[in-house]
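Inside the fold
Listed here are the chains, written in short residue letters.
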Amino acid sequence: MNIEKTLKDDTLCLAISGRLDTNTAPALEAELKDLPEEVRELILDFAELEYISSAGLRVLLSSQKAMRKKGRMVIRYANEDVMDVFDVTGLVDVLNIEDSADPSGD
Amino acid sequence: MEMTAFLQLAPAVMLPMLLAIAFWWLQRKTAFAKLRYGVRQGIIGLAYGAAALVGSCTGVAVADALVSVRDAMPLCAGLLFGGPAGVIAGVIAALSRGLAVTLGASPLTMAGQALAALLSGITALVLRRFLFEGRRPGWSYALAVGLVMEIVNVLLVCLTNLDRVEQAFDVVNAGAPMMIAANALAVLAASLALTLLDRQPLLYDPQNPTIAQILQSILLVAVMVALVASSLFTYNVQTRIAQSDADNVLTQNIDDLSDALVVETDTYMLALCTQMCQQEFNGLAPLDVVQECDVPDTNKNGKCDDADLTALLTDYMNMYGVSEINVVDKNGVICASTNPRYIGFDMKADTSENQQAISFYREMQEYEQYAQPFTATAYDPDNYWKYCGSRLREDCWISGGGGFLQLGYDATRLQENIDCDIEDVARCRHVGKNGMMAVTTEPNDVGERYLISATDEVINRAKAEGRLSEKGNFPADLWDYPEDTRMEGLVLQEPSYCMYRWSNGYYVVATLPVKEALYSRNVSVLMLVFMETLLLAMLFAVVYKGISRLVVQNLQKVNHSLAQITEGNLEEKVEVYSTREFRELSQDINVTVDKLKELIAEAAARIDAELEFAKSIQLSALPNVFPPYPSHKEFTIWAGMETAREVGGDFYDFYLLGDHQLAFLIADVSGKGIPAALFMMTSKTLIKSLAETGLPADEILTRANTKLCAGNEADMFVTAWLGVLDLDTGVLEFANAGHNAPLLRQNGGEFAYLKKRSGLMLAGMEDVHYKRFGLQLNPGDTLYLYTDGVTEATDGQNRLYSDRRLEEFVNRNKDLQPRELCRAVKADVDRFVGDAPQFDDITMLCLTYHGPAESTEGPQADPTCMDRKDEQK
C-alpha cells in the first residue's frame, strides 16, 4: 500500500493505492491519527485501491467518526470491488461516497 | 628576509597541492581512472618526482643552509595517492638532491637529505599500507607525517656528519625551522585540498568521537606536557652547565693573563732595581756624589747627611721613573729615602701597621731579589703600591755595606713605564673560539684608547664589522659587579659573558659570546625536541595501530555479531577471544543471548499454553455437538470454525427459542487475535441474551448495536447475519449487519445469493436501525452461511477464492448434507489456497429445513411473505 498526501488549505487528500488489509491498515491509521490541526475536509482517493479488508473498514469508520466532529470525510473513485464491500457491510449508508462505481447490489 | 624567502618558496609549497587537485580531477572526470593501477602510480610518481626536482632547484639560501621543499613531494604522492607513487617520487627526489649541489646546496648535507627524500617515499608507502590501511589519511595525520619527516631529515643530516657535527649543526640550525615549516605546509595544503574536494569533515565530531581519537588527544596532551617539561629541564640544566663552563674558562684566562702581568711587572722592576744597585750604590760612592755632598770632613768615605741623600735619591727616582726609593741597612732600618719621613723606620718592627714592611724584610733576608705584589699602603687603603728589592753588596756605600735597596711604584707610575711592555700580553690570547681577553686601565671609560692589549683577531673582526667604537666596548655596568663575577652584556655590540679582575694596576677582562657559550645547550635542546617529536610520532603510530588492532577491529566483530542477534538470529555466537576483556565480553554476550533464548522459549511456551486454553474456552462457547437437538427432526444444522491463529474473531451460534423457533447466526469481528476473541465473546453473549427475550431479528441487532457502540474504545466492529426460523411454519425472519450474503437453495433449485439490503455492521455507528426480512422455507431448502475467510481466501498469485467460485462449487455439490457440504467447501478452499499463508478465520454454517415435525407433508404456504412486504416499503 502507498499513500500520497496533498494538503491544500484545509483540505487533505490521501490517494491510497494497493491493498488495505490487516498488514497495511495500521500505516493508514497512523496517518489519519496525525492529521494536521487545520484539516476540515479529508478526501480519500480510492482510484488505485485494489482491496479493502475489515481492518481497512475499521480505520475508515474511526476516521469518519473523528472527522464528523471537525468537518467531513469523502471517499472518491472507489472501484467496483471496494464498493461491493461497502455495500455488503452497509457502509454505503454511512460514508460520503462520491464519483464511485455503482454499488452492484440489486 | 624571512618573509621574502618564504615568498620565493611559495611556488614549490603550492606545487603538491596543485598536482593533487589535478590528479583528483583526472581520476574522477577522465579515463585516467581506467588505466592500470601500476601505470597510474607511475605517472603520479613521475609527476611528484618532477615536482621534487623543481623544489630542489628553487631552494632559498637562509644563512648557510639551502632551504628547499623536496621531501613533501614523495610524501604527498605516497600518502595521498598510493605507496608505489611515493617510492618513485622518493627516488627522483633523492637524485635531485644530488643535482642541487651544483646550484649551491651544501654538499655537507647531501647524503643525509638524499636519504631523507628516499625515506619519505618509503615511509609514505609503509604508513599508507600498514597504518592507514590503504586509505588516504586525514589532513592532520598528513601534516604530522610531514613535520616528522622533515625532523628525520634534519637528524639524518647530523647523523651523516658526525665527524663535522658542529658544521652540520650550523647548517641545520640556520635552515631547519624554515625547512620543516615549508615542507609541512606543502603536505598540509595538498591533503587539505583533497579533504575539501571530497567534502569530508575537517575535524572529528566531538559529540561522536572514536576511541582512537580520544586516546590520541589524551596522548598528545600528555606527551606535549612531557616534551615541554623535559625540554625546560634540559634547557635549564644545560644552561647552568654552560654558564659554569663559561665561568671556568673566563676565570682561567684571567688567571693566566694576571700571571703574565705579574711576570711582566716583576721582571721590569727587578731589572730596574738590579741596575740601580749596580750602577749607583754598590762599591764606593761616585766622585760626583761625594763632591755634591756637603762634606764636613776629609774622610774619603765620608757620609752625606740625610737631606743630601734624600736629594740624591730623588734625583735617581726621577731618573729611573720610580715613585719611591728606600735604602735599608743590614739591620733592617731605612737609612736613606726619597721620603724623609721614612728615614730611621725599622722594617723589622712588628707592629700592626707594619705587616707589609716586615714581610718584605723577611723575603729580602732569604732572596737576592724580591717583588712584592701590589698592596694597599698602610696609611691610604686606596693607594696601591708595589715594591721590589734587591740586595746591596757589602761594599755599598750608601747602606754602609749590606742591606737592600727598595723601589716603590704607585700603580699609575708603573703603568706609564710598562704599558708598552704589556701591549703584546693579550694579543694572541683567546677565550674559547671567539671570546676576547683585554687589559685596560680605566674602569669608567674603556674605549679603544684605553685598551692596552686585546685579542687581535676579535678586535680586527669587530673593526671590520664596524663594531669597535671609541668608548663603551664593554658593558657600562661591568664594573658595578664584583671582581671574578660573570655578568652578561654587550661586548663589541655582541651579547657576551664578561668577567674582570683588577690585577697589577690593570683591569683584566675576559669575554665569551653567549652564543658560543650556550652552543652545546642549544644543540642538545634542539636534538632533544627533535628526538622527542619522533618518539611522539612513533607513540601515535603504535597507539593508532594498537587500538585499531586490539579494540576497533574486535569491536567491529562484536558489533557484526550483535547486529545478527538483533535481527533475530539468536544462534549467532560472539567469538572474539584475542584479549581477556573481549573474551569476557564475548562470553557475557553469549550467556545473555542464551538466557534470552531460554526466556523467550519459556514465554512462548507460556503464551502458547494460555492461547491453547483460550482457544478451548472459545470453542467450547460455540455449540459443537452435532446433531445438537436429536429430538428435533425439522432441520439439520452443521457449523464449524477454523481459526487462523489460536483464537479467532469469527463465530457462529444457534439455539432454540422455546420449542418452535431456532435462532442461528454467523458473525465476523474486525481484527484478529485476543482483542477480536474478547469482542466476539461479548457480541455472542449479548446477541444470545437479546434473542432469548423473544425480540425479532432486526430488533436484536439494533439493540445489540447500541450496546456494542457504548464503550467501544477500540473502534472494533462485528458483521452478523442473524436468522430466526419458525420450525413449524418454515418462516425465516432475518436481519443482516454488514455480513456477506448467504447462499440459499430453494425448492431443489440452484444455490443463489440471498442479497438483501444490508445494515451497517454492529458497533460501527450508533442509532442504526436494521431491517427485518422474511422468507418461507420449504422442506429441503438449504441455507449456507459463511464468513469472508472463505470468499477472500487467496492463492499463491494473490487471487481471491471469490463469491463466484463459491457459488459454483456449492451448486456442483448441492445435494450434499450440511456437514458434508461444509467439509467439501473447506477442502476446496484448502486446495485453492495451496501453500499460500492464510490470515483469516474460516467459519461456515449450513442449515437444511425438513418441514414441521408432525407431518412431512408440503410446506404450509404462508402468503404473507414478509420479504415482499419489506421490499414494498
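Residues numbered from 1 in each chain as written. Chains lettered and ligands numbered in written order. Predicted model: local features only at pLDDT ≥ 70, side-chain atom pairs only at ≥ 80, totals over all residues. Heavy atoms only, no water.

Re the overall build of chain B
How we decide: Helix and strand assignments come from DSSP, with helices taken as H or I runs of at least 4 residues and strands as E runs of at least 2, each series counted from the N terminus. Should any heavy atoms of two residues lie within 4.5 Å, those residues are counted as being in contact. Per-residue accessibility takes into account occlusion by the displayed protein chains alone, with areas from the Shrake-Rupley method and a 1.4 Å probe.
Within chain B one finds 22 helices and 23 strands. Residue pairs at least 24 apart in sequence account for 68% of intrachain contacts in chain B once pairs closer than 6 positions are excluded. As presented, chain B carries roughly 42,100 Å² of accessible surface, and 57% of it is formed by carbon and sulfur atoms.

Notes on the interface of chain B and chain A
When the parts of a complex come together, some accessible area is lost, and that lost area is often used as the size of the interface. Stated formally: Two parts placed together each lose some accessible area under a 1.4 Å probe, and adding up what both lose gives the buried area. Salt bridges are counted wherever a side-chain nitrogen of Lys or Arg sits within 4 Å of a carboxyl oxygen of Asp or Glu. N or O atoms closer than or at 3.5 Å make up a polar contact, with two conditions inside protein: a donor-capable atom paired with an acceptor-capable one, and, for residues adjacent in sequence, both atoms drawn from side chains. All amino acids are sorted into three groups, where Ala, Val, Leu, Ile, Met, Phe, Trp, Tyr, Cys and Pro are nonpolar, Asp, Glu, Lys and Arg are charged, and the leftover types, Gly among them, are polar.
Contacts between the two partners involve 21 residues from chain B and, on the opposite side, 18 residues from chain A. Around 1,700 Å² of area is buried between chain B and chain A when both sides are counted, 52% of it from carbon and sulfur atoms. The tally of links between chain B and chain A comes to one salt bridge. On inspection of chain B and its partner chain A, the count reaches four residue pairs in polar contact (both at pLDDT 80 or more). For the side of chain B that touches chain A, the residue count by class is eight nonpolar, nine polar and four charged.

Details of the pattern of salt bridges
All names here are of chain B. Using the following cut-off: Throughout this description, buried means an accessible area under 20% of the type-specific maximum (1.4 Å probe, protein chains only), exposed means over 50%, and partly exposed covers the range between.
Throughout the structure, instances matching the rule amount to 34 salt bridges over all chains. Here D653 makes a salt bridge to K684, at a shortest N to O gap of 3.6 Å. Of this pair, D653 sits in strand β15 (residues 650-657) while K684 sits in helix α17 (residues 673-692), placing them 31 residues apart in sequence. Judged on exposure class, the residue D653 and its partner K684 are both buried.

Points about the nonpolar core
Selection criterion: Within this scheme, the nonpolar core is defined by two criteria: the residues are buried Ala, Val, Leu, Ile, Met, Phe, Trp, Tyr or Cys, and they are joined through side-chain atoms within 4.5 Å.
Residues F46(A), F86(A), F664(B), Y784(B), V790(B) and L806(B) are the most contacted members of the largest nonpolar core, which totals 115 residues. Of all hydrophobic cores here, the second largest spans 63 residues; its members include A12(B), A77(B), A176(B) and A193(B).

A look at the pairing of strand β12 (residues 494-503) of chain B
Residue and element names in this part refer to chain B. Defined as follows: Two strands pair under a simple rule: DSSP has to find at least two bridges between them.
Burial analysis of β12 places seven of its 10 residues in the buried class, which makes it a mostly covered element. With five bridges connecting them, strand β11 (residues 487-491) and β12 associate as antiparallel partners. Bridged to M487 within β12 is C498. Connecting β11 to the antiparallel partner β12 that follows it, the hairpin turn spans two residues, and L492 within it adopts a positive phi of roughly 50°. Here β12 pairs with strand β13 (residues 506-513) via eight bridges, running antiparallel.

Details of the sheet that holds β13(B)
Residue and element names in this part refer to chain B. For clarity, the threshold we go by: Note on geometry: axes are C-alpha line fits, over the in-contact stretch for helices, and angles between N-to-C directions span 0 to 180 degrees.
Ordered by their spatial adjacency, five strands build an open sheet running β10-β9-β13-β12-β11, and the pairing between neighbours is antiparallel. Of all strands in the sheet, those bounded by a partner on one side alone are β10 (451-454) and β11. Geometrically, the sheet is characterised by an average inter-axis angle of 35° between neighbouring strands, direction not taken into account. In terms of strand pairing, strand β9 (residues 436-440) meets β13 through five bridges, oriented antiparallel. Looking across to β13, one finds that A438 is bridged to V509. Here helix α8 (residues 211-281) sits on the sheet in contact with β9, β12 and β13, set at roughly 40° to β12.

With respect to the side chain of N153(B)
Residue and element names in this part refer to chain B. On the secondary structure map, N153 appears in helix α6 (residues 139-159). The exposure class of N153 is buried, given its relative accessible area of 1%. For N153, the contacting residues outside a window of four places in its chain are D71, Q113, A116 and M179.

Examining unusual backbone geometry
Residue and element names in this part refer to chain B. Note that the residue after F626, namely P627, is joined by a cis bond; omega there is -5°. Turning to its location among the elements, P627 is positioned in the loop between α16 (580-621) and β14 (635-642). With phi around 60°, D767 is a residue other than glycine that occupies positive phi space. Structurally, D767 can be placed in the loop between β20 (751-753) and β21 (773-776). Its relative accessible area of 67% is what places D767 among the exposed residues.

Some points on α17(B)
Residues and elements named next belong to chain B. Defined as follows: One less than the number of residues in a helix, times 1.5 Å, gives the span that helix is expected to have.
In this model, α17 (20 residues) spans 28 Å end to end at C-alpha, consistent with the 28 Å of a helix rising 1.5 Å per residue. If you check which residues of α17 are buried, you get G673, A676, A677, F679, M680, S683, K684, L686, I687, L690 and A691. Contact partners of the buried residues in α17: α16, β15, β16 (661-669), α18 (697-709) and β17 (718-726). Looking at the residues trailing α17, positive phi occurs at G694, about 85°.

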